[in-house]
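# Architecture and fold: a report
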Amino acid sequence: MSEFTDAALGFPTGIFTIALAVVFGFWLLVLCGGVEHDALDSAVGASALGTPGVPLAVPASLFVAVAWFAGLAGTVLLDRLGLGGGSALVLLVVSLLVARSVTGALVRPLRLLFQPDDPQPSRQDFIGRVATIRTGRVDTRFGQAEVTADDGSTAVVQVRQAGSDPMPLGSPGLLYAYDEPGEFFWVAPYDSALDPRTVG
């Protein structure tokens, strides 16, 4: 026990022991609701640890824990080998390097968990887009059009028009609403010359 205490409080492990106490205190506050788990978020800090995309508190906590363990194990090993002097300083550097490497390896798989959720594609995404009519006519009961999504893929959708404007095969049509029960888009003839976004 004395060997453990001496190693934990001696140089260099003592530095990591203090940092580990701070980490425990932080997570205790998080569990009690005193602070948010992302209170320390910093893109610079996470990048410095080689763990961008993960809340800083996670890799920082792992870094401290691994550095503490490496320092403790190294101190005990050096003591048993009878090495002293400058070896403690070397152990400090080695512990930091080991901690950075191990933290990066442990946190890398966690990045997927912290990726922002992309919104699922929706038919509503097509509203406001210009589609190409793919049937010989479009009326209140019949019609199809091809529309291009943001990712470049195309889809053939059911379309209807409220009026009686001619909308022949290959003509452009503006999708302006979606009818959920009928599962079709309302479409109107589209003239790019009248589009204020194309003027000028």
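Relevant structure appears above.
Residues numbered from 1 in each chain as written. Predicted model: local features only at pLDDT ≥ 70, side-chain atom pairs only at ≥ 80, totals over all residues. Heavy atoms only, no water.

## Observations concerning the overall build of the chain
Helix and strand counts for the chain stand at five helices and five strands. Across the 200 residues that make up the chain, the buried fraction comes to 30%. Here the contacts in the chain between residues at least 6 apart in sequence split such that 53% fall between residues at least 24 apart. (Helix = DSSP H or I, 4+ residues; strand = E, 2+ residues; numbered from the N terminus. Buried < 20%, exposed > 50% of the residue type's maximum accessible area, 1.4 Å probe, protein only. Contact = heavy atoms within 4.5 Å.)

## Let's talk about helix α2 (residues 13-32)
Between its first and last C-alpha, α2 extends 28 Å over 20 residues, near the 28 Å set by a 1.5 Å rise per residue. Within α2 the residues assigned to the buried category are T13, G14, F16, L20, V23, F26 and V30. Residues of α2 that are buried sit in contact with α1 (2-9), α4 (57-81) and α5 (87-107). One or two positions beyond α2, positive phi appears at G33, with a value near 85 degrees. (Expected span 1.5 Å × (residues − 1).)

## Notes on the sheet that holds strand β5 (residues 184-189)
Spatially, β1-β2-β3-β5-β4 is the arrangement adopted by the five strands of the closed barrel, whose pairing is mixed. The average angle at which neighbouring strand axes cross in this sheet is 55 degrees, direction not considered. (Pairing = 2+ DSSP bridges. Axes fitted to C-alpha atoms, helices over the stretch in contact; angles between N-to-C directions.)

## Some details on the pattern of salt bridges
When the charged atoms of two side chains with opposite charge come close together, those side chains can pair. Applying the stated criterion across every chain, the model contains three salt bridges. The partner of R129 in a salt bridge is D150, with the nearest N and O atoms 2.3 Å apart. With R129 in the loop between α5 and β1 (130-133) and D150 in the loop between β2 (144-148) and β3 (154-160), this residue pair connects regions lying 21 residues apart in the sequence. (Salt bridge = Lys/Arg side-chain N within 4 Å of Asp/Glu carboxyl O.)

## Looking at the packing of aromatic side chains
Two numbers describe a pair of aromatic rings. These are the distance of the centres and the angle of the planes. Inspection of every chain in the model, using the stated rule, returns four aromatic pairs. With a centroid separation of 6.1 Å and an interplanar angle of 65 degrees, the aromatic rings of F126 and F185 are classed as edge-to-face. With F126 in the loop between α5 and β1 and F185 in strand β5, this pair connects stretches of sequence that are 59 residues apart. Note on F185: relative accessible area 2%, which makes it buried. Between the aromatic rings of F184 and W186, the centroid separation amounts to 5.1 Å while the plane-to-plane angle is 80 degrees, which identifies the pairing as edge-to-face. Accessibility expressed as a relative area gives 23% for W186, which makes it partly exposed. Above the ring of F184, the side-chain terminus of R160 is found at 5.3 Å from the ring centroid. (Phe/Tyr/Trp six-rings, centres within 6.5 Å; stacked < 30°, edge-to-face > 60°. Lys NZ or Arg CZ within 6 Å of the ring centre and 35° of its normal.)

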